[in-house]
Amino acid sequence: MKIATFNVNSIKARLPNVLEWLKEADPDVALLQEIKCQAADFPVLEFQSMGYQVQAVGQKSYNGVALLSKQPAENVLEGLPGDDSDEQARYVEATVQGVRVASLYLPNGNPVDSEKYPYKLGWMKRLKAHAATLLASEQPVVLAGDYNVIPEPRDCYDPAAWAGDALFLPETRRHFREIVNLGYTDAFRAIHPQRVAYSFWDYQAGRWPRDEGIRIDHLLLSPQAADRLRDAGIDKKARGREKASDHTPVWCELDS
DNA sequence: ATGGTTGCCTCGCAA
């Protein structure tokens, strides 16, 4: 079972790109972030014609997540539990073939002296609480998406330059580590313990041609999912296309 | 040197 996550940075602007990637990568489940449209405006038919069912949670202009699956998505949960007043479209979760999968778009948090950083940390606390609840179910769980967290210095082309950024502050990394230490496995890091690889390259300042990126898109696996982890990787090809997103897909393969 | 780019769909904000 192949599960992939991809921050598409607008599904409307990226549709040909995403369809091409889907055709080549052929994941069983594709978790998308930053669709940047309302659910009603998501191009459902294009994905259905490729054999995918679509669960989309969106809002106008910003954020938005989707869960595409070849097999039915059951018990769909829209929105991260823990704050009914949070109206940002950043979370969708469902069960596909017995695996609980989530597409999440964790808040960026910049600038750190604004209300955005406490919102990010609050969202991470809610995610930790929910991740703990999911662990108690003892089912395979895959929490995938754009975490907007650089876990370690080696996941960044220039840690010093990012020292004060919301994606790399010690407080941010500590919150991420707390979720992992509940008992989750970073799929890419488990398969490639020594590899330096990135999932995001800024459009600006020639970051992509210089391979100056950061690794912020992750798949976190519960023990029952990690037991089945066969392979994982980052698809750099998508970032090199015309009209590319600033992110590239990250994936894992679970034994059936 | 505080640069530069993309997408939203407004004349700035978010990333």
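Because the structure is a prediction, the values reported are computed rather than measured.

## Points about the overall build of chain A
Helices and strands together make up the secondary structure of chain A, namely 6 helices and 12 strands. Its C-alpha atoms put chain A at 45 × 45 × 40 Å along the principal axes. The buried share among the 256 residues of chain A stands at 54%. Carbon and sulfur atoms provide 48% of the accessible area of chain A, an area that totals close to 10,900 Å². Looking at chain A, you have 30 positive and 36 negative side-chain charges, and the mean spots of the two groups are 3 Å apart.

## Some words on the pattern of salt bridges
With the rule as written, the count across this model stands at 16 salt bridges. When the shortest N-O distance is used, the salt bridge between Asp155 and Arg189 registers 2.8 Å. Of this pair, Asp155 sits in the loop between β8 (141-146) and α4 (170-180) while Arg189 sits in helix α5 (residues 187-191); the two residues are 34 residues apart in sequence, bridging distant segments of the chain. Residues Asp155 and Arg189 agree in their burial class; the two are buried. Within this structure, Lys128, Glu171, Arg174 and Glu178 form a network of salt bridges that share partners.

## Let's talk about the pairing of strand β2 (residues 29-33)
Most of β2 sits out of view: 5 of its 5 residues are buried. Every second residue of β2 is oriented toward a common face, with Val29, Leu31 and Gln33 on one face and Ala30 and Leu32 on the other, all of them buried. Inspection of the sheet shows strand β1 (residues 2-7) paired to β2 by 5 bridges, in the parallel sense. Paired with Asn7 across the bridge in β2 is Gln33. Considered for its hand, the β-α-β crossover made up of β1, helix α1 (residues 11-25) and β2 is right-handed.

## Focus: the sheet that holds β1
Strand order in this open sheet of 6 strands is β3-β4-β2-β1-β12-β11, and the pairing throughout is mixed. Each edge of the open sheet carries a strand with a single partner, namely β3 (53-57) and β11 (229-234). Ignoring strand direction, the axes of neighbouring strands in this sheet form an average angle of 15°. Bridge analysis of β1 against strand β12 (residues 250-254) gives 4 bridges, and the strand direction is antiparallel. When the sheet's bridge partners are listed, Lys2 is paired in β12 with Glu253.

## Some details on the side chain of Lys120
Mapping Lys120 onto the fold places it in helix α3 (residues 116-136). This buried residue, Lys120, is left without a salt bridge; Asp165 holds the nearest opposite charge, at 6.2 Å. One polar contact links the side chain of Lys120 to the main-chain carbonyl oxygen of Asn108, over a distance of 2.9 Å. Separated by 2.6 Å, the side chain of Lys120 and the backbone oxygen of Asn148 make a polar contact. Excluding anything up to four places from it in sequence, Lys120 contacts Leu106, Pro107, Asn108, Gly109, Asn148, Ala166, Leu167 and Thr172.

## Description of α1
Helix length check: α1 (15 residues) gives 17 Å between terminal C-alpha atoms against 21 Å at 1.5 Å per residue, more than 12% under. If you follow the buried residues of α1, they end up packed against β1, β2, α2 (44-48) and β4 (65-69). Directly after α1, the chain includes Asp26, whose backbone phi takes a positive value near 50°.

## Focus: the UniProt feature "binding site: Mg(2+)" (unreviewed entry) in chain A
As recorded in UniProt, the feature "binding site: Mg(2+)" (unreviewed entry) lies at Asn7, Glu34, Asp146, Asn148, Asp246 and His247. What stands out for the annotated residues spanning 241 residues is how close their C-alpha atoms remain, the widest pair being 12.9 Å apart. Among the secondary structure elements, Glu34 is positioned in the loop between β2 and α2. On the basis of relative accessible area, Glu34 is assigned to the buried category, the value being 13%. Beyond its immediate sequence surroundings of up to four residues, Glu34 is in contact with Asn7, Val8, Asn9, Ser10, Ile11, Asn63, Gly64 and Tyr105. Along the chain, His247 falls in the loop between β11 and β12. What makes His247 buried here is its relative accessible area of 3%. Discounting residues that sit within four places of it in the chain, His247 has contacts with Phe6, Asn7, Asp146, Ser199, Phe200, Ile216, Asp217 and Arg239. A polar contact of 3.4 Å, which involves the side chain of His247, links it to the side chain of Asn7.

Criteria and thresholds
- Counting restarts for each chain: residues are numbered from 1 in the order of the written sequence.
- Written order decides the labels, with chains lettered from A and ligands numbered from 1.
- In keeping with the predicted nature of the model, local features appear solely for residues at pLDDT of at least 70, side-chain atom pairs appear and are counted solely at 80 or more, and the whole-chain, interface and lining totals rest on all residues.
- By convention in this description, side-chain values take in all heavy atoms of the structure and omit both hydrogens and water.
- Under the DSSP-based scheme used, a helix requires at least four consecutive residues in state H or I and a strand at least two consecutive residues in state E, with every element numbered from the N terminus.
- Residue burial is assigned from relative accessible area. The probe radius is 1.4 Å, only protein chains are included, and a residue is buried under 20% of its type maximum, exposed over 50%, and partly exposed in between.
- Residue burial considers only the protein chains on display, and all accessible areas are found by Shrake-Rupley using a 1.4 Å probe.
- In summary, the charge assignment counts Lys and Arg as positive and Asp and Glu as negative, without counting His or the chain termini.
- By convention, the charge on Lys lies at NZ, on Arg at CZ, on Asp at CG and on Glu at CD.
- Any carboxyl oxygen of Asp or Glu within 4 Å of a side-chain nitrogen of Lys or Arg constitutes a salt bridge here.
- By this definition, two strands are paired if DSSP reports at least two bridges between them.
- Assignment of crossover handedness uses the view with strands pointing away from the viewer, where a clockwise path from the first strand over the helix to the second indicates a right-handed crossover.
- Only C-alpha atoms enter the line fits that serve as axes; for helices the fit covers just the stretch in contact. Angles between N-to-C directions range over 0 to 180 degrees.
- Counting of polar contacts relies on pairs of N or O atoms within 3.5 Å, with two restrictions inside protein: one atom must be capable of donating a hydrogen and the other of accepting it, and residues adjacent in sequence are counted only when both atoms are side-chain atoms.
- Any two residues whose heavy atoms approach within 4.5 Å at even a single point are treated as in contact.
- Here a helix's expected span is defined as the number of its residues, less one, multiplied by 1.5 Å.
- UniProt positions are given in the numbering used here, feature names are shortened, and annotations may be inferred rather than shown by experiment.

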